[in-house]
Amino acid sequence: DQQVKQNSPSLSVQEGRISILNCDYTNSMFDYFLWYKKYPAEGPTFLISISSIKDKNEDGRFTVFLNKSAKHLSLHIVPSQPGDSAVYFCAASEISGGYQKVTFGTGTKLQVIP
Amino acid sequence: GAGVSQSPSNKVTEKGKDVELRCDPISGHTALYWYRQSLGQGLEFLIYFQGNSAPDKSGLPSDRFSAERTGGSVSTLTIQRTQQEDSAVYLCASSQELVNTEAFFGQGTRLTVV
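Residues numbered from 1 in each chain as written. Chains lettered and ligands numbered in written order. Predicted model: local features only at pLDDT ≥ 70, side-chain atom pairs only at ≥ 80, totals over all residues. Heavy atoms only, no water.

*Asks:* For the overall build of chain A, give the residues involved together with the corresponding values.
*Replies:* In terms of regular secondary structure, chain A is built from zero helices and 11 strands. Projecting the C-alpha coordinates of chain A onto the three principal axes gives extents of approximately 45 × 30 × 20 Å. Here chain A holds 114 residues, and the buried ones make up 47% of them. Summarising the internal contacts of chain A: among those between residues at least 6 apart in sequence, 54% fall at separations of at least 24. If you sum the accessible surface of chain A, you get close to 5,500 Å²; carbon and sulfur atoms cover 49% of it. Here chain A contributes 11 positively and 10 negatively charged side chains, and the mean placements of these two sets differ by 2 Å. (Helix = DSSP H or I, 4+ residues; strand = E, 2+ residues; numbered from the N terminus. Buried < 20%, exposed > 50% of the residue type's maximum accessible area, 1.4 Å probe, protein only. Contact = heavy atoms within 4.5 Å. Areas by Shrake-Rupley, 256 points an atom, 1.4 Å probe, with all protein chains shown as cover. Lys, Arg positive; Asp, Glu negative; His and termini not counted. Charge placed at Lys NZ, Arg CZ, Asp CG, Glu CD.)

*Asks:* Which residues make up the interface of chain B and chain A, and what values go with them?
*Replies:* Taken together, the contact between chain B and chain A spans 23 residues of the former and 20 residues of the latter. Surface buried jointly by chain B and chain A totals about 1,800 Å² across both partners, of which 56% is contributed by carbon and sulfur atoms. Between chain B and chain A we count one salt bridge in total. One salt bridge connects A:Lys101 with B:Asp56, and the closest N-O pair in it is separated by 2.5 Å. The tally of links from chain B across to chain A stands at three residue pairs in polar contact (both at pLDDT 80 or more). For the side of chain B that touches chain A, the elements supplying multiple residues, two or more each, are strand 4 (31-37) and strand 5 (44-50) of chain B. Here the residues of the side of chain B that touches chain A sort into 10 nonpolar, 10 polar and three charged. (Buried area = accessible area lost by both parts, 1.4 Å probe. Salt bridge = Lys/Arg side-chain N within 4 Å of Asp/Glu carboxyl O. Polar contact = N/O pair within 3.5 Å; in protein donor to acceptor, adjacent residues only side chain to side chain. Nonpolar A, V, L, I, M, F, W, Y, C, P; charged D, E, K, R; others polar.)

*Asks:* Tell me about the packing of aromatic side chains, and please be specific about residues and values.
*Replies:* Summed over all chains, the structure comprises 11 aromatic pairs over all chains. With 4.7 Å between their ring centres and 40° between their planes, A:Tyr25 and A:Phe33 make a pair best called tilted. The residues A:Tyr25 and A:Phe33 share a single accessibility class, namely buried. Ring geometry for A:Phe104 against B:Tyr35: centres 4.9 Å apart, planes inclined by 85°, an arrangement best described as edge-to-face. (Phe/Tyr/Trp six-rings, centres within 6.5 Å; stacked < 30°, edge-to-face > 60°.)

*Asks:* For the side chain of A:Ser80, give the residues involved together with the corresponding values.
*Replies:* Residue and element names in this part refer to chain A. By secondary structure assignment, the location of Ser-80 is in the loop between strand 8 (72-77) and strand 9 (86-96). In this structure the side chain of Ser-80 is engaged in a polar contact, spanning 2.7 Å, whose partner is the backbone oxygen of Arg-17. One polar contact links the side chain of Ser-80 to the main-chain carbonyl oxygen of Ile-77, over a distance of 3.3 Å.

*Asks:* How would you sum up the sheet that holds strand 6 (residues 65-69) of chain B? Please name residues and give values.
*Replies:* Residues and elements named next belong to chain B. A sheet is described by the order of its strands in space; here four strands give the open sequence 1-3-7-6, paired in antiparallel fashion. Lying at the two open borders of the sheet, with one neighbouring strand each, are strand 1 (5-7) and strand 6. For this sheet the average axis-to-axis angle between neighbouring strands, irrespective of direction, equals 15°. For strand 1 and strand 3 (residues 19-24), the ladder comprises three bridges, and the chain directions are antiparallel. Opposite Ser-5, over in strand 3, you have Asp-24 as the bridge partner. (Pairing = 2+ DSSP bridges. Axes fitted to C-alpha atoms, helices over the stretch in contact; angles between N-to-C directions.)

Following this line, the structure appears as structure tokens:
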């Protein structure tokens, strides 16, 4: 049962254009959402997050949007740069047994073409 | 330490042998996660430790997999009688005992079963 879904396994975007990565979830108990970025041979690194009480969070070129009614979030990168080429994981957390439990999606491989 | 440390970084083992993978979380982080990423796949949750609570083992794929966390710090993931399908990158992450906080990942252990 995949509670966090990233339906696009890959995405190619021209440098300078906008990259939009999508994520859907099914568990209504999720209340905090995160995006991680992973380069080959490295562990994922935290990129940006959003609380369920917000619908947008922006950090430089990165913006995350949350639509709770649709159980959907997206990561926008603008302008996209070749260094952004990586696998992006969506993650969602809930309080389980009094503690935060994080569930990851399957990832979307972004390629930014120079 | 400054970050999550995993050892070894690479492990090649023969089918049927047991392996132990080690994770040193960030000092003070009470939550510890193990994930694995098989070739071309997303992050698969394996096990979750939080403080002194019983671990969430719901992601372990079979009884050949087990994990311990001694003294609330270092964790060891053990795979008995390894199979070729166990080949993957095993990732460890830790986080603070706070809600709405990100997890920090180690660089992973690449396990190859031949």
